[in-house]
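So you can see what is in the structure, the chains are spelled out below.
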Amino acid sequence: MKKTIIALAVLMITGQNLTAQQLPKDQRMQWWREARFGMFIHWGVYAVPAGTWNGRQIGNIGEWIMNRGKIPVEDYKAMAKDFNPVKYDPDSWVKMAKDAGMKYIVITSKHHDGFALFKSEASKWNVVDHTVYGKDLLKPLAEACKKHGIKLGFYYSQAQDWVNPGGTAIRRLTKEGWPNPDSVIIDAYTKEHNGHWDWRQETKTFEQYINEVSVPQVRELLTNYGEVAVLWWDTPNGMTVEAATKFQSLLAIQPQIITNDRLKRPDFPGDHKTPEQRIPNLADLDGTDWETCMTMNGTWGYKSYDLNYKSPQTLIRNLIDIASKGGNLLLNVGPTAEGEFPQQSIEILSEMGKWMKVNGEAIYGTKASPWGLFPWGRCTRKDTKNGTSLYFSVFEWPADRKLTISGMKNSVISAKLLANGARVKTVRTKEGELIISLPAFSPDPMASVVRVDVRGKVAEKIKQ
Ligand code: H79
C-alpha cells in the first residue's frame, strides 16, 4: 500500500507516463462493469427558461437554449436570479436513483452554458456567487451518495463555454487545423452550431479559458468533493493536445477515476465509449467498454413542454438490450429550477425500480449474450460457482410458447421465471437444441426473464 502511494506520488510530481497515474484499468472499471445502470442529471440555469425565451419556444435540446436562441450573455446570466432550487433534496434524488436500481449518478457540474453548480474560485459564474440560493449543489449530493452507497461522477464540458470568455473561441481554426483565436478561418461546426453571437464571449483566448477557468475548475471538482467515480467530458471539438494533457494530469488526484472518450479525439480514448441517444449494433462493438446515454423524453435539460416520454417498457427493454451487448445505460433526468425531478421521470424511475427489484440479477454483473440477439428477446450471462446462469428476457411471448436455443451443449440444472419463481420445463431435441416451454401468458409485460442454470462454462460466442 505504502509503496503504491509513493509510486503514485512520484508519478504525480514527475507528471510522466500519464496513464500510469491511474490504477490499472480492470481494477478501476470493476464496479462500473457490474453496475450496468446509472443516472445522468442535467441541471443548470437552462432549467429556468425551460425551453422558452422571449415568448418563443426554442427548438431542440433544452440545455442548448442559450446557443439556439443566440441569447446574449447578460440576458442569460440574468436568468440565474430565478435559479432558486429551494425544493432541492439530494437525499431524495439519490434514493430515487437507488430505488430505480441505478448504481451511479453523473451530474452536470458545468454544461456548455458555463454555469457551475459548485463554488468556484475560477469563475464567478457559479451557483454560490450568482444566485440568491447561494449554496454549493454538489457538496450535499456527494454526501447523500456516500450515505446511500451510490457512486458520484461529474460531467464537465471542458472545451465549450458560451459565458466564460474564450470558451467559444476554440473552433476558429488555422489552416493547419489548430485552434487559434486570431485566425479568420472558422470551421463548419462553429458556423453551424457554436458561439460568437456576443462579443463578450470573445474577450479572452481559448488558452486563457482553459488555463484560467476549465483546468482550475476540474481541479476543484477533483479536490473538494471526496471520491469522484467518473469524469464525463463532453464535446472534444477544438481541444488541443496541450490542453488535454493538462486535464489528464489532474486525474492523478483521483487514481480510481473513470473517464469517457470525449476529452480529445482520437489520442485520449479514456476508459469507455459514449454512444449518445442510441444503442450500438452488435457489429459496431469492438470490445471497448461503452455506455449509452439517453434521455427519457427528448431533452437533457428541463423543458416544460417536452412530454414526449418513452414508456417504462421501452426503457427497461433498452436496458436489457444494452446489458445483452455488454454495455451500460446512463439514463437522464432533467430537474426543474426549483430542484425537483419532473413527475413523469419519477414515475418511470419507480416502474424501472419495480422491475429491477425482481429481475436485477439479469442485469448486474452480467456479460454479453453468447448468441447476440433473439427475435423474441435478449440474453445475458453470469458465471457462477458451479457453472453459468443464462438470463433469457422475453419481449415477444411466442405463440407456440417455446424458446429454441441452439448451439449450447451444457446440461441444464434448473430453469425458472424470475417474475414468480415458477419452474419452467426444458427438453433437449435430438439435434441438441434446447427447448424452453413457457406458460401460456407472460407474467410481466415489461419483459419476463427465464433464468436457466447450466453446468460448466458456456462458450463466449455461439452461432444461433
Ligand atoms: O449534454 C448533452 C448534450 O447537450 C451534449 N451531450 C449530451 C450528453 C452535446 N453537446 N453537443 N452535442 C451533444 C452534439 C451537438 C449537436 C448539435 Fe445541436 C447539433 C449541436 C447543434 C446541432 C443538438 C441539436 C444541439 C443543438 C441542436
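Described in the following lines is the structure provided in the data block.

1. A look at helix H5 (residues 90–99)
- Of the positions making up H5, those classed as buried are Pro90, Asp91, Trp93, Val94, Met96 and Ala97.
- Here the buried face of H5 lies against strand S1 (37–41), strand S4 (104–110), helix H7 (138–148) and helix H12 (343–359).
- Phi for glycine 101, located one or two positions after H5, is positive at around 100°.

2. Describing the packing of H5 against H7
- Here H5 crosses H7 at 45°, and the two axes come no closer than 8 Å. Viewed along their axes, H5 and H7 adopt a mutual orientation that is oblique. Crossing angle aside, the handedness with which H5 passes H7 is right-handed. Facing Pro90, Asp91, Val94, Lys95 and Lys98 of H5, the residues of H7 in contact are Pro140, Leu141, Ala144, Cys145, Lys147 and His148.
- Its residues placed into classes, the contact of H5 with H7 shows six nonpolar, one polar and four charged.

3. Notes on the pattern of salt bridges
- Counted by the stated rule, this structure contains 28 salt bridges.
- Here arginine 378 and aspartate 321 are joined by a salt bridge, their closest N and O atoms 2.7 Å apart. Within this pair, whereas arginine 378 is found in strand S10 (residues 377–383), its partner aspartate 321 is found in helix H11 (residues 312–324), the two being separated by 57 residues in sequence. Accessibility assignment for this pair places arginine 378 and aspartate 321 in one class, buried.
- Across the pair lysine 354 and glutamate 351 runs a salt bridge, and its minimum N-O distance is 3.0 Å. With lysine 354 and glutamate 351 both in helix H12, this residue pair falls three residues apart, about one helical turn.
- Exposure remark for glutamate 351: the relative accessible area of 26% places this residue in the partly exposed category.
- Taken together, the shared-partner salt bridges in this structure form one network comprising Lys25, Asp26, Arg33 and Asp289.

4. Brief notes about the sheet that holds strand S6 (residues 230–233)
- Taken together, the seven strands give an open sheet; going across it, the order is S7-S6-S5-S4-S1-S9-S8, and neighbouring strands pair in parallel fashion. Across the chains shown, the open sheet's two edge strands, defined by having one partner strand only, are strand S7 (258–259) and strand S8 (291–294).
- Alignment of S6 against S7, held across two bridges, turns out to be parallel. Across the sheet, the residue bridging to valine 230 is isoleucine 258, located in S7.
- Packing of helix H9 (residues 206–224) onto the sheet brings it into contact with S4, strand S5 (151–156) and S6, and relative to S5 it is tilted by some 175°.
- This element, H11, spans S1, S8 and strand S9 (328–333) of the sheet and lies at about 150° to S9.

Conventions and cut-offs
Residue numbers here run from 1 along each chain, matching the order of that chain's written sequence. Residues qualify for local features only when their pLDDT is at least 70, as the model is predicted, and side-chain atom pairs are given and counted only at 80 or more; totals for whole chains, interfaces and linings, by contrast, use all residues. Calculation of side-chain values draws on the structure's entire complement of heavy atoms; hydrogens and water are dropped beforehand. Partly exposed describes any residue whose relative accessible area lies between the buried limit of under 20% and the exposed limit of over 50%, with all areas from a 1.4 Å probe on protein chains only and scaled to the type maximum. Going along the chain from the N terminus, every DSSP run of H or I of four or more residues is numbered as a helix, and every run of E of two or more is numbered as a strand. For this analysis, residues touch if any pair of their heavy atoms sits within 4.5 Å. To define axes, lines are fitted to C-alpha atoms, for helices over the stretch in contact only, and angles between the resulting N-to-C directions are given on a 0 to 180 degree scale. Note on terminology: angles under 35 degrees are roughly parallel, angles over 145 are roughly antiparallel, angles of 65 to 115 are roughly perpendicular, and the others are oblique. Throughout, a crossing is termed right-handed when the near helix is turned clockwise from the far one, and left-handed when it is turned anticlockwise from it by less than a right angle. Classification used: nonpolar for Ala, Val, Leu, Ile, Met, Phe, Trp, Tyr, Cys and Pro, charged for Asp, Glu, Lys and Arg, polar for all others including Gly. A pair is scored as a salt bridge if a Lys or Arg side-chain nitrogen falls within 4 Å of a carboxyl oxygen belonging to Asp or Glu. Paired strands are those between which DSSP finds at least two bridges.

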